[in-house]
Amino acid sequence: MPDLLIELFSEEIPARMQAQAADGLKKLVTDALVERGLLYEGAKAFVTPRRLALAVHGLPGRQADQREEKKGPRVGAPEGAIAGFLKSAGLSSLDQATVQSDPKKGDFYVAVVEKPGRPTPEVIAEIIPAIIRSFPWPKSMRWGSGSLRWVRPLHSIVATFGAEGDEPEVVRFEVDGIVSSNITYGHRFLAPAPITVKRLDDWMAKLEATKVVVDRDRRKDIILNDAKDLALANGLELVEDEGLLDEVAGLVEWPVVLMGSFEERFLDIPDEVIRATIRANQKCFVLKNPATGRLANRFLLISNLVASDGGAAIVAGNERVIRARLSDAKFFWDTDRVNGLESRMPRFQSITFHEKLGSQAERIERIRRLAVEIAPKVGAEPALAEDAALFCKADLLTEVVGEFPELQGLMGRYYAQGEGLAPEVAAACEEHYKPQGPGDRVPTAPVSIAVALADKIDTLVGFWAIDEKPTGSKDPYALRRAALGVIRIVLENGLRLRLNEILERSAAPVVTKLADKFFQLNEDGSSPSDHFDPNTLPAGAWDEYCAARFAEISDLLSFFADRLKVHLREHGARHDLVDAVFALEGQDDLFLLVERMTALARFLDTEDGRTLLAGYRRAVNILRIEEKKDGRAFAGPTNAALLKEPAEERLADAIEQVKRRVATAVAAEDFETAMTALADLRAPVDAFFDAVTVNDQDPALRENRLKLLDEIRAATRGIADFDRIGG
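Bear in mind the structure is a predicted one, so any value in this text is a computation, not a measurement.

Chemist: Teacher, can you tell me more about the overall build of the chain here?
Modeler: Of the regular secondary structure elements, the chain holds 25 helices and 18 strands. Here the C-alpha atoms of the chain give a radius of gyration of 37 Å, more than 25% beyond the 27 Å that 2.2 N^0.38 yields for 727 residues. Seen through its principal axes, the chain has C-alpha atoms that stretch 100 × 95 × 60 Å. When burial is assessed residue by residue, the chain has 49% of its 727 residues classed as buried. Taking the intrachain contacts of the chain between residues at least 6 apart in sequence as the baseline, contacts between residues at least 24 apart amount to 68%. The averaged location of the 115 negative side-chain charges in the chain is 3 Å from the averaged location of its 94 positive side-chain charges.

Chemist: Mind showing me how you'd approach the side chain of Thr398 here?
Modeler: On the secondary structure map, Thr398 appears in the loop between helix H10 (382-391) and helix H11 (399-403). Using a relative accessible area of 5% as the deciding quantity, one classes Thr398 as buried. Within polar-contact distance, the side chain of Thr398 engages the backbone oxygen of Asp395 at 2.6 Å. Among all residues touching Thr398, those that are not within four sequence positions of it are Asp336, Arg344 and Tyr415.

Chemist: I would appreciate a short explanation of the pairing of strand E7 (residues 154-162) in the present structure.
Modeler: When a strand is regular, its side chains alternate between the sheet's two faces. Most of E7 is tucked away, with 8 of its 9 residues classed as buried. Sheet topology note: the strand E1 (residues 3-10)/E7 ladder contains 8 bridges and is antiparallel. Looking at E7, one finds that Glu7 is bridged to Val158. The pairing of E7 with strand E8 (residues 169-170) spans 2 bridges and is classified as antiparallel. Opposite Phe161, over in E8, you have Glu169 as the bridge partner.

Chemist: Help me understand unusual backbone geometry in this model?
Modeler: With the exception of glycine, most residues fall at negative phi, and the peptide bonds are largely trans. Here the residue pair Lys434 and Pro435 is connected by a cis peptide bond, since its omega of -5° sits within 30 degrees of zero. Along the chain, the position of Pro435 falls in the loop between helix H13 (423-431) and helix H14 (446-465). Non-glycine residue Lys211 carries a positive phi angle of around 65°. Checked against the element boundaries, Lys211 lands in the loop between helix H4 (200-209) and helix H5 (216-233). In this model, Ala478 sits at a positive phi of 55°, which is unusual for a non-glycine residue. Following the sequence through the fold, Ala478 ends up in the loop between H14 and helix H15 (479-492). Relative accessible area serves as the criterion here: at 23%, Ala478 is assigned to the partly exposed category.

Chemist: Before we go on, may I ask you to explain the packing of helix H18 (residues 556-570) against helix H19 (residues 575-582) in this structure?
Modeler: Packed helices, taken two at a time, are described by the angle their axes make and the gap between the axes. Running from N to C, H18 and H19 cross one another at 150°; their axes reach a closest spacing of 9 Å. Here H18 lies roughly antiparallel to H19, going by the angle between them. The way H18 lies across H19 gives a crossing that is right-handed. The residues of H19 that touch H18, namely those facing Leu557, Ala561, Leu564, Lys565, Leu568 and Arg569, are His575, Val578, Asp579 and Phe582.

Chemist: Could you clarify how one ought to interpret helix H24 (residues 682-691) in this entry?
Modeler: Residues three or four positions apart in an α-helix share a direction because the helix packs 3.6 residues into each turn. For H24, the complete set of buried residues consists of Pro684, Val685, Phe688 and Phe689. In a view along the axis of H24, the buried residues occupy a sector of 130°, so they form one face of it. Exposed residues on H24 whose side chains face more than 90 degrees from its buried face are Ala683, Asp690 and Ala691. Looking at the packing, one finds that the buried side of H24 touches helix H21 (607-630), helix H22 (646-667) and helix H25 (699-716).

Chemist: Can you help me understand the packing of helix H20 (residues 590-604) against helix H23 (residues 671-679) in this one?
Modeler: It is the contact of H20 with H23, at a shortest axis distance of 9 Å, that shows an interaxial angle of 40°. Taken together, the axes of H20 and H23 are oblique relative to one another. Judged by the sense of rotation from one axis to the other, the crossing of H20 with H23 is right-handed. In this structure, H20 uses Leu592, Glu595, Arg596, Ala599, Leu600, Arg602 and Phe603 to contact H23, whose residues at the interface are Phe671, Glu672, Met675, Leu678 and Ala679. Along the lines of polarity and charge, the residues of the contact of H20 with H23 split into 8 nonpolar, no polar and 4 charged.

Chemist: What is the right way to read the layout of surface pockets from this model?
Modeler: Gaps left between atoms are located by rolling a probe of water-molecule size over the structure's atoms. When its volume is computed, the largest pocket comes out at roughly 450 Å³. Residue lining of the largest pocket: 17 residues in total, with Arg363, Tyr433, Asp455, Thr459 and Arg481 positioned closest to the centre. The greatest single-element share of the lining of the largest pocket, amounting to 4 residues, is contributed by H14.

Chemist: Explain the pattern of salt bridges to me, please; I cannot follow it from the model alone.
Modeler: One side chain can pair with another of opposite charge once the charged atoms of both are near each other. As enumerated under the stated definition, the model contains 60 salt bridges in all. For Arg624, the salt bridge is made with Asp723, and the minimal N-O distance between the two is 3.3 Å. Pair noted here: Arg624 is in helix H21 and Asp723 is in the segment after H25, with a separation of 99 residues, a long-range link. A salt bridge links Arg632 to Glu703; the nearest nitrogen and oxygen atoms lie 3.3 Å apart. Of this pair, Arg632 sits in the loop between H21 and H22 while Glu703 sits in helix H25, placing them 71 residues apart in sequence.

Chemist: I'm lost on the sheet that holds strand E6 (residues 106-115) in this one. Help?
Modeler: Strands pair in a sheet through their backbones, by hydrogen bonds, and they do so in one of two ways: parallel or antiparallel. If you trace the 3 strands from one edge of the open sheet to the other, you get E4-E6-E5, paired in antiparallel fashion. Each edge of the open sheet is held by one strand with a lone partner, namely strand E4 (66-74) and strand E5 (98-102). Adjacent strand axes in the sheet meet at a mean angle of 35°, parallel and antiparallel pairs treated alike. Sheet topology note: the E4/E6 ladder contains 7 bridges and is antiparallel. Note that in E6 the partner of Arg74 across the bridge is Phe108. Against the sheet, helix H2 (residues 79-89) makes contact with E4 and E6, and its axis sits at roughly 175° relative to E4, the strand it touches most.

Chemist: What exactly am I supposed to notice about the confidence of the model for the chain here?
Modeler: Detailed reading of the predicted model is not advised wherever pLDDT is low. Residues at a pLDDT of 70 or more form 95% of the chain, whose mean pLDDT is 89. Confidence drops under pLDDT 50 across residues 522-531; counting only partners more than four residues distant or on other chains, this segment forms 9 contacts.

Chemist: Before we go on, may I ask you to explain the packing of aromatic side chains in this structure?
Modeler: Think of a pair of aromatic rings as described by two things: how far the centres are apart, and how the planes are tilted against each other in angle. Following the criterion strictly, the structure yields 13 aromatic pairs and no others. Here Trp137 and Trp150 contribute two aromatic rings whose centre-to-centre distance is 5.2 Å and whose plane-to-plane angle is 85°, an arrangement assigned as edge-to-face. You can see Trp137 sitting in the loop between helix H3 (120-133) and E7 and its partner Trp150 sitting in the loop between H3 and E7, a full 13 residues away along the chain. Both residues of the pair, Trp137 and Trp150, count as buried. Of the aromatic side chains, those joined through ring pairs into one cluster are Phe135, Trp137 and Trp150.

Chemist: Sorry, what's going on with a nonpolar patch on the surface here?
Modeler: Taken together, the side chains of Val34, Leu39 and Tyr40 make up a nonpolar region of the molecular surface, amounting to roughly 270 Å² of accessible area. Mapping Leu39 onto the fold places it in the loop between helix H1 (15-35) and strand E2 (42-48).

Chemist: Looking at this structure, how should I read empty space enclosed by the protein?
Modeler: According to the stated counting rule, one finds 3 cavities of 30 Å³ or more in the structure shown. As a volume, the largest cavity reaches approximately 40 Å³. As for the largest cavity, its lining consists of Val239, Asp241, Leu244, Arg275, Arg279, Cys284, Phe285 and Val286. For the lining of the largest cavity, the secondary-structure elements that each account for two or more residues are helix H7 (271-282) and strand E15 (285-288). Taken together, the residues that form the lining of the largest cavity break down as 5 nonpolar, no polar and 3 charged.

Cut-off values and rules
Residues numbered from 1 in each chain as written. Predicted model: local features only at pLDDT ≥ 70, side-chain atom pairs only at ≥ 80, totals over all residues. Heavy atoms only, no water. Helix = DSSP H or I, 4+ residues; strand = E, 2+ residues; numbered from the N terminus. Rg over C-alpha atoms; globule rule 2.2 N^0.38 Å. Buried < 20%, exposed > 50% of the residue type's maximum accessible area, 1.4 Å probe, protein only. Contact = heavy atoms within 4.5 Å. Lys, Arg positive; Asp, Glu negative; His and termini not counted. Charge placed at Lys NZ, Arg CZ, Asp CG, Glu CD. Polar contact = N/O pair within 3.5 Å; in protein donor to acceptor, adjacent residues only side chain to side chain. Pairing = 2+ DSSP bridges. Axes fitted to C-alpha atoms, helices over the stretch in contact; angles between N-to-C directions. Parallel < 35°, antiparallel > 145°, perpendicular 65-115°, else oblique. Left-handed = near helix turned anticlockwise from the far one by under 90°. Arc of directions from axis to C-beta. Nonpolar A, V, L, I, M, F, W, Y, C, P; charged D, E, K, R; others polar. 1 Å grid on protein atoms, 1.4 Å probe; cavity = no way out; pocket = protein on both sides within 12 Å on 5 of 7 lines; lining within 4 Å. Points joined across faces, edges and corners; volume = space filled by probe spheres on them. Salt bridge = Lys/Arg side-chain N within 4 Å of Asp/Glu carboxyl O. pLDDT = per-residue confidence, 0-100. Phe/Tyr/Trp six-rings, centres within 6.5 Å; stacked < 30°, edge-to-face > 60°. Patch = residues over 30% accessible without salt bridge, like charges linked within 9 Å, V, L, I, M, F, W, Y side chains within 5 Å. Areas by Shrake-Rupley, 256 points an atom, 1.4 Å probe, with all protein chains shown as cover.

Dropping the structure here:
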């Protein structure tokens, strides 16, 4: 079957747009082909800095013929309706239509429209120009006097169609003066002459011969393997960087790996700063000395050509730029160390964190207070947590972080170490930002944990207090990530924290500030003043406003529950069990909650668990129906004198025993024993429904038995809210 080859040859496509453009071209073309009845066997997109291409395999030579019956108006319909029907069906008169009868609707006209399939090249010639003109580049441009918008000036279009072994035909079309052909061009410098190509294999082979590797993955492999080999040959190791590899593969069509060097004096700079400098400015890889474990004064650059001088001039040019950039980095590093962290702290007074939440200095003070309170709960020394919280943001004002924001935290650790601060404080300066994503590690050192929790909780509480919560897919302040960070820190470190208590402690200074600012601004319309006295307000106004802000924060625990569900679901847990356990009053110890949920999940997977759940649902359904009928609730305890049947006596006795055993086990945090106790309800519940009629004729017996059903619910509530368990 014939194959299609499309190549759009242009000036350089930005590396960051290439992968998305290749995927977009493939989807747009293949969707359009399928929509027109042209099914295919396979398709693959290619992209280099100067060309975007697509090969579609196994297309039919033409569309299948189509036969369609078009229903028209009823016989005797107005002339206007009939005229519209004839026009839409392409008929000249009603003689070309047939009449069909419907028992309900009567006789109506039907036109049989036969549409012969068109040759595939003709369909392609219609599809491709439309796709080119409307291609969704993130940014595009016009050039010359034309109207076409493309990422960079488009020079030529290859469009061939044909079966293997045959001479493919050129699919003829024109886009803004560019006429499709079977001619493309090789490497800009090494082989710029025009090339006549046929189909995919011929196109790839001829471009390879003219110094163009069209397969992006193959270019990446070439770069990676050659870089490793060159490093090894010089006794060094490549510091691999997948992001940089992706980028440089989009900058070259014929990758050539070259090695350069810089002065050893620059190795005084932290390795991460050297790497960030060389990566950001020259897109070069750094090398590590295996003997020391630190960076070597060498780097690898990826050239786009084979130079006649072996690349000496290219290397020399890169060395000049890197030398200048590293000189700047060394100046920043030396300057930052001279000034010190503490000298920078007053500047936070004039930097606004958020207009409603105050300055960075106020935020740091809130983090400090909260970190000191959290410290004993996580095994950290409060004084060290206080120091870490005070200095954890100081590196944001340094020259290095100003140049490379991605190094925040890490540079804080270096500066803290250089100033002789405690190792725990230095580590917390770096680790309090973690985890920054699902794949990032969580801090494990107690001081780092205290500051990381304080930082994230202050962020959450603050934005909750001013009602800046995530909505839909929008989360500009990364509050979901902050909540997930708190959850992971707690769970992965096995921390026992009462989250609600910590949230309230964190909220107090935030709410007070908001209330203070609110009433100052509403006193005379002026800005806040130092002499403001809350006692001058109308009675209860201050407390009422603070209560409203605390109410905003109160549903933050529900937000944690939602994030916990997401986290656990990603690890295979059931979100309904999270709901069932979280629904119990006071369940804000995340680690204990997960332990309880895990034990509940294991119990529900047993025969006892499944049977008890079925019995529970039967009891609750009966109870709900009868409560709705009577318009009142039936709440236990039961009256022992009204327990007439042996089965209900045994159930009542079992419930009392199970409630005591469950309460004792839960108090001891022994959830396995609690589940074992709960399993003992299975047999009495089954026997009760087999032997006892709940809706007895005697109203007193009926009420007592309904209360007994409520006691089943009360017994299970020691573990979870079984009403929320699905499945």
